[in-house]
Amino acid sequence: MPHFDLHCHSTHSDGLLTPSAVVARAAARGVDVLALTDHDEVAGLDEAKAAAAEAGIEVICGAELSVSWDDQTLHVLALGIDPANALLAEGLDAIRAGRATRARRIGEALAAAGIPGAYEGAMRYVTSERLVSRTHFARYLVETGHAREAKDVFKRYLTRGNPGYVPHPWASLAEAVGWIHAAGGQAVIAHPGRYKITASAMRRLLAEFRDLGGDAIEVVSSSHTPAQCAEFATYARAFELAASCGSDWHGPGESWMDFGELPEMPVGVVPVWKGW
Ligand code: AMP
Ligand code: MN
Ligand code: MN
Ligand code: MN
């Protein structure tokens, strides 16, 4: 059975390594099929594909789309897309367009909370002129001693109810699924265990996603406990959605799990790669 890892990031979004270096690391750690899924971006895929040929593994073209649903931000993975598809490219452009303004507002909000210079500081961590993310702020706030590690920055500053939080409208769930399908891909709800929603809201989300033609849930994620992997396998079966697995790797020392460390997919689910 080949080893699949269908979620990771490069310097084209908030990852620390270039697409080639990501592919080389995944290959060295035993991944056979890797999806590069940069946030709202497909620009790293050509390089990843070329590196895959060299490393002797398969790279699946992917992206991780930012979505607003209810009052939540969700992430929807696109797997097996044609990165040249115009509708998807326009959609991703539209999602990315709001990020620069949001970053300025985050900078202003942090300044008002007594942390000046965070916008400029975050920009020093940006590795693609096309995309700035909260991760870049988190790295700067850790560097300047405002928190010990990134997850503390999110807990104390960059999430709802905290001084550096700026609400932002992303794509709708229907738009995201529509663009992904237009580009020939499968739509996957990323790391469902990370959303702070009730069980009934989760069921409403999955029903709506399925009715829109959504394809899968990320059952196995580095951010899921073993109990959550089992829980989302049950959801996948109940909603007749396929199951995906991904490390959500961002960089050495930054991620919950490295390539090659994902647990096995629970039995009794249909893997998202079944028809590949
Ligand atoms: P953005 O798309 O700009 O809102 O940034 C979202 C990114 O922030 C995610 O993709 C993660 O990489 C990172 N992130 C969100 N929450 C956390 C957390 N609790 N700890 C570490 N990184 C996080
Ligand atoms: Mn990220
Ligand atoms: Mn995500
Ligand atoms: Mn991710």
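Residues numbered from 1 in each chain as written. Chains lettered and ligands numbered in written order. Predicted model: local features only at pLDDT ≥ 70, side-chain atom pairs only at ≥ 80, totals over all residues. Heavy atoms only, no water.

Across the sheet, seven strands lie side by side as S1-S2-S3-S4-S5-S6-S7; this open sheet has mixed pairing. Taken across any chain shown, the strands that pair with only one partner, and hence form the sheet edges, are strand S1 (4-5) and strand S7 (242-246). In terms of strand pairing, strand S6 (residues 216-221) meets S7 through five bridges, oriented parallel. Within the sheet, the bridge partner assigned to Val220 lies in S7 and is Cys245. (Pairing = 2+ DSSP bridges. Helix = DSSP H or I, 4+ residues; strand = E, 2+ residues; numbered from the N terminus.)

Moving on: the coordination of the manganese ion (ligand 2). Summarising the metal site, the manganese ion (ligand 2) is bound by the protein donors Asp14 (OD), His39 (NE2) and His250 (NE2), whose distances to it range over 2.1 to 2.2 Å. Counting gaps between the donor residues of the manganese ion (ligand 2) yields the pattern D-x24-H-x210-H. Here the manganese ion (ligand 2) and the manganese ion (ligand 3) are spaced 5.6 Å apart. Of this pair, His39 sits in the loop between strand S2 (33-36) and helix H2 (45-55) while His250 sits in the segment after S7, placing them 211 residues apart in sequence. By relative accessible area, His39 is classed as buried at 7%. His250 sits in the buried class, given a relative accessible area of 12%. (Donors = N, O, S within 2.8 Å, 3.2 Å for Na, K, Ca; no water. Buried < 20%, exposed > 50% of the residue type's maximum accessible area, 1.4 Å probe, protein only.)

Quick look at the state of the cysteines now. Under the defined criterion, the tally for this structure stands at zero disulfides. Residue Cys229 stays outside any disulfide, its sulfur separated by 9.7 Å from that of Cys245, the closest cysteine. (Disulfide = S-S within 2.5 Å.)

Here we take up the site of ligand 1. In the vicinity of ligand 1, the contacting residues are Asp14, His39, His75, Arg99, Arg102, Ser133, Arg134, Thr135, Lys151, Phe154, Arg194 and His250. At 2.7 Å from an oxygen atom of ligand 1 is found a side-chain nitrogen or oxygen belonging to Arg102. If ligand 1 stood free it would expose 500 Å²; the protein chains cover 83% of that surface. Mapped onto the shell around ligand 1, the elements with two or more residues apiece are helix H3 (86-112), helix H5 (134-143) and helix H6 (150-158). (Near = heavy atom within 4 Å. Polar contact = N/O pair within 3.5 Å; in protein donor to acceptor, adjacent residues only side chain to side chain. Areas by Shrake-Rupley, 256 points an atom, 1.4 Å probe, with all protein chains shown as cover.)

We now examine the coordination of the manganese ion (ligand 4). Bound to the manganese ion (ligand 4) on the protein side are His7 (NE2), His9 (NE2), Glu64 (OE) and Asp248 (OD), at distances that span 2.1 to 2.2 Å. For the manganese ion (ligand 4), all donor residues lie on one chain, and their spacing in sequence is H-x1-H-x54-E-x183-D. The two metals, the manganese ion (ligand 4) and the manganese ion (ligand 2), are separated by 4.6 Å. Of this pair, His9 sits in the loop between S1 and helix H1 (19-28) while Glu64 sits in strand S3 (residues 58-69), placing them 55 residues apart in sequence. Comparing His9 with Glu64, the two get one shared label, buried.

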